[in-house]
Structures are given as structure tokens and as C-alpha cells.
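Summary of the model geometry
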Amino acid sequence: MLENFEIKKALFKDQIHERYLFSLNFKGHDYEGIYNEGDITWFNPHPRNDLKEIHLDKIESKVDVKMQKLLS
């Protein structure tokens, strides 16, 4: 479902407000966002512009699972 998922870099590394910049490809569209303790903030283009809410919820759920695995 998610292709080319990667954590690009840690923002504010080793600080209390550390976050992770990630990118992914879904059905030929590239998206980027910031992940912080289960919360995702999307950059433009926002996936909501291209996808239905149900698809976005599934993508965010998969991103959360992948991030938890990669960060633990």
C-alpha cells in the first residue's frame, strides 16, 4: 500500500520536542509529513486533496505502525 516509505530526518534531535520528517508514495503520488507521538502533520500536497477520508485514515494508521517499529 505504501511505497518508498522512509524517515528523511529527525527534527530537533535529542530534544523534548523531537519529531520525524517522513516521505511516502501512494498510488503514484508523493507525500511528506511530520510524525510526533502518533500525530501526523501533512505538507502540501495534502493527501486529503487526492484521497477519500477512509483511505487517509488507513494510510495514517500504517504510517503510525511503521514509525513505531522504526523508532523502537
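Structure's up top.
Keep in mind it's a predicted model, so treat the numbers as computed, not measured. (Residues numbered from 1 in each chain as written. Predicted model: local features only at pLDDT ≥ 70, side-chain atom pairs only at ≥ 80, totals over all residues. Heavy atoms only, no water.)

Okay, the sheet that holds strand β3 (residues 29–36) next. Each strand in a sheet pairs with its neighbour through backbone hydrogen bonds, running either in the same direction (parallel) or in the opposite one (antiparallel). Read across the open sheet, the 4 strands follow the order β1-β2-β3-β4; overall the sheet is antiparallel. Two strands close off the open sheet at either side, each with one partner strand: β1 (3–11) and β4 (39–42). On average, each strand axis in the sheet is tilted by 30° relative to the strand beside it, whichever way the strands run. Pairing analysis gives 6 bridges linking β1 to strand β2 (residues 19–26), with the strands arranged antiparallel. What sits directly across from A10, in β2, is Y20. Along the sheet face, helix α1 (residues 53–71) touches β1, β2, β3 and β4 and points at about 60° away from the line of β1. (Pairing = 2+ DSSP bridges. Helix = DSSP H or I, 4+ residues; strand = E, 2+ residues; numbered from the N terminus. Axes fitted to C-alpha atoms, helices over the stretch in contact; angles between N-to-C directions. Contact = heavy atoms within 4.5 Å.)

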